[in-house]
Amino acid sequence: MPANKLKLYNTLSRKVETFTPFNAGEVKIYTCGPTVYSQPHIGNFAAYIYWDLLIRTLKAQGYGVKRVLNLTDVGHLTSDADDGEDKLEKGARLTGKTVWEVAEFYIDKFLADYSALDLTPPDLLARATDYIPEDIELVDILTAKGYTYETRDGIYYNTAKFPHYADFARLDLDNLKAGARVEFSDEKLNPSDFAVWKFIQPGEKHEMRWDYLGRPGYPGWHLECSTIIHTELGETIDIHAGGIDHIPTHHTNEIAQSEAAFEKKLAKYWIHCNHLTSEGQKISKSLGNGYSLADLAEKGYSPLDFKMWVLQGHYQSERDFSLENLEAARIRRLNWRNRIAKCYQTPASSSTTTPDAIADIIDALDDNLNSPKAFAIIDAVTNDNLDFWQQIDHLFGLGLLSDSPELGSAAKKLLVSRQAARAAKDFATSDRLRDELLAQNISVLDSKDGQIWQYAR
């Protein structure tokens, strides 16, 4: 049974707390997923990288994990609230595709990038459009309990009926001006009220539509997470994860819906990662300042170089992305890969195991997922071996061993030939063979113990 050593910062209490799941045998986790209307950028993937670290840390502690990741393919409006165009409809308008085609196209893009980052697959990928009957049932429950009211454009949740609405985000509802979080409607009772169901207005283009109360419409964005969690994970879950931008609106509304309807706490622990910025601005699709992983690949960077850069920082820290910083992360990852390459060329008996280092690394992760501290410990290890690196790759998923240091036969022959040329003091041939190896991404270091090959990049 896990020793409950893991500590996490809980947004609910604003404190670092010792993690204790409801069921010692399994941790139930829900992580907010992408809205699949355009190419995901690196700012989107930072969160999934941090939550991958969380999943790997929990599993390293011996926990079983059941994790659901949602895919928002309807209902997320361009304002992130209750006005503007549905983001899937916007994607369809810009690309000339149907909304269904847009969703499929960008889900495939997301999953390809997710795999390229070696992120642990969720136990369930839940598409919002697969839960419409459950959404309607949830709206009916809230209405029966007196939490909703109807306007011309939808069914709204009356936040005044939920006494703890402001608690999670520490909102000042008295000073919340109409329109500060959602566009003002003369039918809304409170400026913080939000739509759980939107009616499609006459003349409004909206391909995704379902009938409710005799009118076509679609679910509000916040509704899907409450529905999916209740349907797939049951009552109170252990961990709900997302970005800090979810705190004041999305997660606040999730709590209000779920806890009013089901009369149970939605999640025991809420953890949130901070933003990535670019030149001081949050990376976002709306600002157009985000690189995709494909953009980075064109510049010579692996997705795992980017993952390395993300994990060099703490999930609660706001960090500014630059290609210069990414280059430093690439070099650090290259150095680790070359330490592994050296292990392959060193007799196993000459390298001892490092259980204390592994224990220290796990202790760092137990301390609120302190990956920067864990990386510093890895840098300082001097008696590493292949067993050590296999454990490191299992903990962080950096593909350190995926480029197998077992050289191909052509490279092996070049190394043997070069070694013979040096022994014969034929340095011209030795230099030529060095260049041929470099063309295969192999550099050679000459030492008193002979030549040691390393990755050049």
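Located above this text is the structure these notes cover.
Within every chain, residues take consecutive numbers counted from 1 along the sequence as written. The predicted origin of the model limits local features to residues at a pLDDT of at least 70 and limits the giving and counting of side-chain atom pairs to 80 or more, whereas totals for whole chains, interfaces and linings rest on all residues. Calculation of side-chain values draws on the structure's entire complement of heavy atoms; hydrogens and water are dropped beforehand.

Examining the overall build of the chain
Moving on, step 1. The helix count covers DSSP runs of H or I at least four residues long, the strand count covers runs of E at least two residues long, and both are numbered beginning at the N terminus. Broken down by element type, the chain carries 14 helices and 17 strands.
Moving on, step 2. For the chain, the spread of C-alpha atoms along the three principal axes comes to 90 × 50 × 35 Å.
Moving on, step 3. Categorising residues by exposure relies on relative accessible area from a 1.4 Å probe, with only protein chains included: less than 20% of the type maximum marks a residue as buried, more than 50% marks it as exposed, and the intermediate range marks it as partly exposed. Buried positions account for 53% of the 457 residues belonging to the chain.
Moving on, step 4. Should any heavy atoms of two residues lie within 4.5 Å, those residues are counted as being in contact. At a minimum sequence separation of 6, the contacts of the chain that also span at least 24 residues come to 73%.
Moving on, step 5. Element-wise, carbon and sulfur atoms account for 50% of the exposed surface of the chain, whose accessible area totals about 19,800 Å².
Moving on, step 6. The charged-residue count follows a simple rule in which Lys and Arg add positive charge and Asp and Glu add negative charge, with His and chain termini not counted at all. Every charge is mapped to an atom, namely NZ of Lys, CZ of Arg, CG of Asp or CD of Glu. For the chain, the distance from the average site of its 50 positive side-chain charges to the average site of its 66 negative ones is 5 Å. Accessible surface area values rest on a Shrake-Rupley calculation with a 1.4 Å probe, where residue burial reflects the displayed protein chains alone.

Focus: the sheet that holds strand E8 (residues 194-199)
Moving on, step 1. Here we have five strands laid out as an open sheet, ordered E6-E7-E8-E10-E9, and antiparallel in their pairing. At either end of the open sheet lies a strand with only one pairing partner, and these are strand E6 (148-151) and strand E9 (210-212). When the angles between neighbouring strand axes are averaged without regard to direction, this sheet yields 40 degrees.
Moving on, step 2. DSSP bridges decide pairing: two strands pair if at least two such bridges lie between them. In the sheet, E8 pairs with strand E10 (residues 215-219) via three bridges, with the strands oriented antiparallel. The partner of Phe 199 across the bridge, within E10, is Gly 217.
Moving on, step 3. Lines fitted to C-alpha atoms define the axes here, with helix axes fitted over just the stretch in contact, and angles between the N-to-C directions of these axes take values from 0 to 180 degrees. Helix H4 (residues 132-144) contacts E6, strand E7 (154-157), E8, E9 and E10 of the sheet and is inclined by roughly 20 degrees relative to E9.

Re empty space enclosed by the protein
It is a probe the size of a water molecule, rolled over the atoms, that shows where empty space is left.
Moving on, step 1. As defined here, a cavity is a set of points on a 1 Å grid over the protein atoms alone where a 1.4 Å probe fits but cannot get out. A pocket is an open set with protein on both sides within 12 Å along at least five of seven lines, and residues line them when an atom is within 4 Å of a point. Grid points are joined across faces, edges and corners, and a volume is the space filled by probe spheres set on the points. The tally for this structure, following the rule as stated, stands at four cavities of 30 Å³ or more.
Moving on, step 2. Quantified by volume, the largest cavity comes out at close to 80 Å³.
Moving on, step 3. Every residue lining the largest cavity is listed: Ser 226, Ile 229, His 230, Gly 234, Glu 235, Thr 236, Ser 258, Phe 262, Lys 264, Lys 265 and Leu 266.
Moving on, step 4. Listing elements by their share of the lining of the largest cavity, those giving two or more residues are helix H5 (221-233) and helix H6 (247-262).

Description of the nonpolar core
Moving on, step 1. What we call a nonpolar core is a set of buried Ala, Val, Leu, Ile, Met, Phe, Trp, Tyr and Cys residues that are connected through their side-chain atoms within 4.5 Å. Core analysis: the largest hydrophobic core is formed by 80 residues, its most contacted members being Leu 58, Ile 239, Phe 306 and Phe 396.
Moving on, step 2. At twelve residues, the largest contribution of residues to this core is made by helix H1 (residues 42-60).
Moving on, step 3. In this structure Phe 396 touches Asp 52, Leu 53, Arg 56, Lys 307, Leu 311, Ile 361, Leu 365, Ala 374, Phe 375 and Ile 378, once residues within four positions along its chain are discounted.
Moving on, step 4. With 36 residues, the next largest nonpolar core counts Ile 132, Trp 197, Leu 223 and Ile 255 among its residues.

Considerations on the environment of Ala 329
Moving on, step 1. Checked against the element boundaries, Ala 329 lands in helix H9 (residues 323-344).
Moving on, step 2. Among the residues examined, Ala 329 registers a relative accessible area of 0% and is labelled buried.
Moving on, step 3. In the structure, Ala 329 is positioned 103 residues away from Ser 226 in sequence and 38 Å away in space, judged by C-alpha atoms.
Moving on, step 4. Not counting residues up to four positions away in its chain, the partners in contact with Ala 329 are Asp 305, Met 308, Trp 309 and Gln 312.

Describing helix H8 (residues 303-311)
Turn by turn, an α-helix covers 3.6 residues, leaving residues three or four places apart pointing in a common direction.
Moving on, step 1. Burial analysis of H8 places eight of its nine residues in the buried class, which makes it a mostly covered element.
Moving on, step 2. All of the buried residues along H8 are Leu 304, Asp 305, Phe 306, Lys 307, Met 308, Trp 309, Val 310 and Leu 311.
Moving on, step 3. Polar contacts here mean pairs of N or O atoms no more than 3.5 Å apart (in protein, one a potential hydrogen donor and the other a potential acceptor; neighbouring residues in sequence count only if both atoms are side-chain atoms). By the N-cap criterion, in which a side-chain oxygen at the helix start approaches the backbone nitrogen of a residue two or three places on, H8 is capped by Ser 302, the distance to Leu 304 being 2.9 Å.

Concerning helix H10 (residues 355-366)
Moving on, step 1. In this analysis, the expected span of each helix is defined as 1.5 Å times one less than the number of residues it contains. Taking 1.5 Å per residue, twelve residues should reach 16 Å; H10 reaches 16 Å between its end C-alpha atoms and fits that length.
Moving on, step 2. Where H10 is concerned, the buried positions are Ala 357, Ile 358, Ile 361, Ala 364, Leu 365 and Asp 366.
Moving on, step 3. Contacts made by the buried residues of H10 are with strand E1 (7-10), H1, helix H11 (371-380) and helix H12 (386-396).
Moving on, step 4. Directly beyond the C-terminal end of H10, a positive phi value near 60 degrees is found at Asn 368.

What about the sheet that holds strand E5 (residues 124-127)?
Moving on, step 1. Strand order in the open sheet made by the five strands is E5-E4-E3-E11-E12, with parallel pairing throughout. Lying at the two open borders of the sheet, with one neighbouring strand each, are E5 and strand E12 (267-273). For this sheet, the mean angle separating the axes of adjacent strands, direction not counted, is 20 degrees.
Moving on, step 2. When strand E3 (residues 26-31) meets strand E4 (residues 64-71), the two strands line up parallel, connected through six bridges.

A short note on the side chain of Thr 151
Moving on, step 1. With respect to the helices and strands, the residue Thr 151 is situated in strand E6.
Moving on, step 2. Owing to a relative accessible area of 4%, Thr 151 belongs among the buried residues under this scheme.
Moving on, step 3. Here Thr 151 is in contact with Tyr 156, Glu 187, Phe 199 and Arg 215, once residues within four sequence places are set aside.

Points about the packing of H1 against H12
Moving on, step 1. At a closest axis distance of 7 Å, the pairing of H1 and H12 adopts a crossing angle of 125 degrees. Between H1 and H12, the angle falls in the class oblique. For the pair H1 and H12, contact is made by Asp 52, Leu 53, Arg 56 and Ala 60 and by Asp 393, His 394, Leu 395 and Phe 396, respectively.
Moving on, step 2. Of the residues contributing to the contact of H1 with H12, the split by class is four nonpolar, one polar and three charged. Small angles under 35 degrees read as roughly parallel and large ones over 145 as roughly antiparallel, with 65 to 115 read as roughly perpendicular and the rest as oblique. Any residue outside Ala, Val, Leu, Ile, Met, Phe, Trp, Tyr, Cys, Pro, Asp, Glu, Lys and Arg is labelled polar, Gly included; the first ten of those are nonpolar and the last four are charged.

A look at the environment of Ile 244
Moving on, step 1. Tracing the chain through its elements places Ile 244 in the loop between strand E11 (237-243) and H6.
Moving on, step 2. Residue class for Ile 244 comes out partly exposed when judged on its relative accessible area of 29%.
Moving on, step 3. Non-local contacts of Ile 244, meaning those with residues more than four positions away in its chain, are made with His 272, Cys 273, Asn 274 and His 275.

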